[in-house]
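Structural overview for review
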Amino acid sequence: MNTTWARVAGALWASTHPGPTLVVTALSFTLGIAVGLEPWRLAVLALAVFAGQVSVGISNDAIDVARDRAVSRTDKPLARGDVSVRSAWVAAGAAVVVALLLSALLGVGMLLAHALALASAWAYNAGLKAAVWSVVPFLVSFGLLPSLATLSAPSPAMAPLWASAAGAALGAAVHLTNVLPDLADDARTGIRGLPHRLGARVSAVVAVAAIMTGAVAVLVGPGASAPTAVAWVFFVAVAAVAAAALVLALVRPPSRALFRLAMLAALLLATQLVLTSARIT
């Protein structure tokens, strides 16, 4: 029995898309630190975001199980049959309930913002991924990410526009680059979101433009004081990696190297946002 439960738990965890789940949770946690949340608020914020991301990841694989089997995605536990689709839906539903209950502990504003972010992500899973508007859920959910931290504070407030713009730019870049390795498989199963319509090269170029837009927003957005030396260092790092990705996108056929460069630039942008977030409040 214990072995069976361990196998199911392992399969469900693998279905959460552990990498993105942990990255988004860590980003929320560090944003919470940057805005000065009390330890208990910080812990609840991180757990709420983690539960929400678990629900998003598992629901994605539950919805896509037929498509994943059609293209022989042996890396997907549901497609392999390691865990039942019913169990996946139960886990996803329980996770989203936990996420919302924890969010409610931090206030109505946090609850509403997190509910909107999760509804947007679930809408992407449920069908928007195949539409020309596929980037919109990423703009909404990542645009709200800085506000999840500021709305968790004792005096809740939405994050300033520059921080939300940077989050939305990060979301656009993540979407446009994350699907690059899977464009062929997606095309075989009828998925034609914005990156599929733009093509790999144009998607990479637009992702780089989004990253630089976000980097500029973080650098100059706070406005009250001149950017710090650390802010400039990360801005230059983002620009350098983004420039390398742009050159690679223009001179060579799309490859894994392009995907990794674009994701590195996005990660540097996220770090730049976190380091500047002390000036949000």
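Residues numbered from 1 in each chain as written. Predicted model: local features only at pLDDT ≥ 70, side-chain atom pairs only at ≥ 80, totals over all residues. Heavy atoms only, no water.

1. Things to note about the packing of aromatic side chains
- A full pass over the atoms with the stated rule returns 5 aromatic pairs.
- Both rings, one in Trp13 and one in Phe50, keep their centres 6.0 Å apart while their planes meet at 35 degrees; by these two values the pair is tilted. Here Trp13 is found in helix α1 (residues 2-14), whereas its partner Phe50 is found in helix α3 (residues 39-63), with 37 residues between them in sequence.
- What links up through ring pairs into an aromatic cluster is the set Tyr124, Phe138 and Phe142. (Phe/Tyr/Trp six-rings, centres within 6.5 Å; stacked < 30°, edge-to-face > 60°. Helix = DSSP H or I, 4+ residues; strand = E, 2+ residues; numbered from the N terminus.)

2. Some remarks on the nonpolar core
- The biggest cluster of nonpolar side chains holds 59 residues, and the ones touching the most others in it are Leu45 and Leu170.
- Of all the elements in the fold, those that place two or more residues in this core are α2 (18-34), α3, α7 (108-126), α8 (136-150), α9 (161-178), α12 (200-220), α13 (229-251) and α14 (256-276).
- Not counting chain neighbours up to four residues away, the residues in contact with Leu170 comprise Leu27, Phe142, Ala266, Leu269 and Ala270.
- Among the nonpolar cores identified, the runner-up in size contains 12 residues, and Ala11, Ile58, Val83 and Ala88 belong to it. (Core = buried A, V, L, I, M, F, W, Y, C linked by side-chain atoms within 4.5 Å. Buried < 20%, exposed > 50% of the residue type's maximum accessible area, 1.4 Å probe, protein only. Contact = heavy atoms within 4.5 Å.)

3. What about the side chain of Ser164?
- Mapped onto the elements, Ser164 comes out in helix α9.
- Overall, Ser164 belongs to the buried group, its relative accessible area being 16%.
- For Ser164, the contacting residues outside a window of four places in its chain are Gly143, Pro146, Ser147 and Ala159.

4. Structural notes on the pattern of salt bridges
- For the coordinates displayed, the defined rule picks out 6 salt bridges.
- Asp75 is paired through a salt bridge with Arg73; the nearest N and O atoms lie 2.8 Å apart.
- Judged by relative accessible area, Arg73 falls into the buried class, the value being 17%.
- A salt bridge links Arg80 to Asp82, with the nearest nitrogen and oxygen atoms 2.5 Å apart.
- When salt bridges with common partners are traced through the structure, they connect Asp64, Arg67 and Lys129 into a single cluster. (Salt bridge = Lys/Arg side-chain N within 4 Å of Asp/Glu carboxyl O.)

Any functional reading would require information beyond the geometric quantities listed.
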